[in-house]
Amino acid sequence: MTDHIMQEILANEYRRHRRNIELIASENFVSKEVLQMLGSIVANKLAEGYAGNRYNEGCQYVDQAEEIAINRLKQLFDCKYANVQPHSGSQANQAVFLALLNPGDTFMAMSSDAGGHLTHGNSINMSGKWFNAVHYGVNKETDLIDYEEVERLALQCQPKLIIVGHSSYSRNIDFKEFKRIANKVGAYFLADIAHTAGIIAAGYGQNPLHYADIVTSTTHKTMRGPRGGMIMSNREDLFEQLDSALFPGIQSATLMNIIMAKAVTFSKALSEDFKKYIGNVLLNAKIIAKVLQTRGYKLLADGTDNHIIMIDLRNSNINGKLASEKLAIAGITCNKNVIPFDSRPINLTSGIRLGTPACTTRGFGIDECKQIANIVADVLDEAQNTNGEKDNVAIDSAQKVEAMASKFALF
Ligand code: PLP
């Protein structure tokens, strides 16, 4: 029997995909080939353990897939070890905690308001409940990581692990400097590149694998693959520990359909086309940032080096929640975001996070990004000028957005 309700939801979500402009920085649109792997019969296969050493029979084909995925990932990031089994970025990070720390140990990471992730020691997350998380933030004037402050904190709290990585920091990170600080205090160094993995894979900026002991990431976002996680390293003494921390430490059976989709993603990320795509992601983000600034909007860190643009509404009469809701009326999907030194509560926030991976996949270029940024500014101007009470511009903009989106196919 067909599940009509789910079929209808799927059709509605497909229409939303097509009609709206997707600016959530952590979303992207996967290729048909990735979707094919995700929805394939491989989803049926139970494969517990690692390729060549499974607890179940019948793994000869999925073993090949996992080995290929690992080799492609090693090539992509120039590393000796890769684990493609984490079900998510969060589980990749949990495996690192299990491999390196004991409950109660101290580690350092970027605070959530400065851009760090939930799994970097937030008090409501296991990482913050089971370990002693010490957080560094950003400089109040520049919104940038203050490396001297990181060093001072590290000397003071003597962490066993230092994490760098973010969900909402728009500038480059100096992995080499973090390595120097970690070495100085004898800490392990983890780079969580969940957001920027695609940018790094395409050869833009420092490769953290040349400095960090361990690198974790998601495989979606800028990587444009299935939702999932991965772990990489060049520290031979940690390879076995990492494997066993993930399985059997925190996960059991693999999701082989997702691993096959990851393999396809890695192969695509090795191509020249992907380098071009990432070049456009970066260019589009710079264009949106520039137009918003010209229209009088303040951006965190005064702009962007990556795919993220953070609008700072601390001095505005509208909060991040209201702003993102108004943009949603216009058909522009983004999210409210807590920002450094935010005086508003977490359910309102003073930030809006925009990102260009998805709209660039859709085919948007310089002209479209200028138009999008102007629509964002028009909608936010209306919200500010009317204290959020009128939606005329937002409603009119929805037609422009749909017209623009309809010119670009999803695949
Ligand atoms: N680490 C960072 C920096 C992230 O931005 C995210 C995703 O939001 C994660 C980890 C967690 O990834 P997932 O949602 O796959 O658990």
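Cut-offs applied
Residues numbered from 1 in each chain as written. Predicted model: local features only at pLDDT ≥ 70, side-chain atom pairs only at ≥ 80, totals over all residues. Heavy atoms only, no water. Buried < 20%, exposed > 50% of the residue type's maximum accessible area, 1.4 Å probe, protein only. Helix = DSSP H or I, 4+ residues; strand = E, 2+ residues; numbered from the N terminus. Arc of directions from axis to C-beta. Polar contact = N/O pair within 3.5 Å; in protein donor to acceptor, adjacent residues only side chain to side chain. Pairing = 2+ DSSP bridges. Axes fitted to C-alpha atoms, helices over the stretch in contact; angles between N-to-C directions. UniProt positions renumbered as here; feature names shortened; annotations may be inferred. Near = heavy atom within 4 Å. Areas by Shrake-Rupley, 256 points an atom, 1.4 Å probe, with all protein chains shown as cover. Nonpolar A, V, L, I, M, F, W, Y, C, P; charged D, E, K, R; others polar.

Mind showing me how you'd approach helix α7 (residues 175–185) here?
Listed as buried for α7 are Phe175, Phe178, Lys179, Ile181, Ala182 and Val185. Viewed along the axis of α7, the buried residues span an arc of 165 degrees, placing them on a single side of the element. Here α7 starts with a cap whose side-chain oxygen sits 3.2 Å from the backbone nitrogen of Lys176, and that cap is Asp174. Where α7 terminates, the next one or two residues include Gly186, which has phi positive at roughly 70 degrees.

When you look at the sheet that holds strand β6 (residues 132–136) in this model, what are you seeing that I'm missing?
Pairing between the strands of a sheet comes from backbone hydrogen bonds, and it takes one of two forms, parallel or antiparallel. One open sheet accounts for seven strands, arranged β4-β10-β9-β8-β7-β5-β6; its pairing is mixed. The sheet is open, and its two borders are formed by β4 (81–83) and β6, each paired with just one other strand. Strand after strand, the sheet turns through a mean of 20 degrees between neighbouring axes, direction not considered.

Please explain the UniProt feature "domain: Serine hydroxymethyltransferase-like" (unreviewed entry) in the chain as it appears in this structure.
What UniProt calls "domain: Serine hydroxymethyltransferase-like" (unreviewed entry) maps, in this numbering, to residues 2–376. Taken as a whole, residues 2–376 contains 43% helix and 14% strand, while its terminal C-alpha atoms sit 40 Å from one another.

Explain the site of the ligand here, please?
Residues in close proximity to the ligand total 13 residues, the closest being Gly89, Ser90, Ser167, Asp192 and Lys221. Contact between the ligand and Gly89: an oxygen atom at 2.9 Å from a main-chain N or O atom of the residue. Here an oxygen atom of the ligand and a side-chain polar atom of His117 are 3.3 Å apart. About the coverage of the ligand: the protein hides 83% of its 390 Å² of free accessible area. Tallying contributions element by element places helix α4 (residues 89–100) first for the shell around the ligand, with three residues. A breakdown of the residues in the shell around the ligand according to their chemical character gives one nonpolar, 10 polar and two charged.

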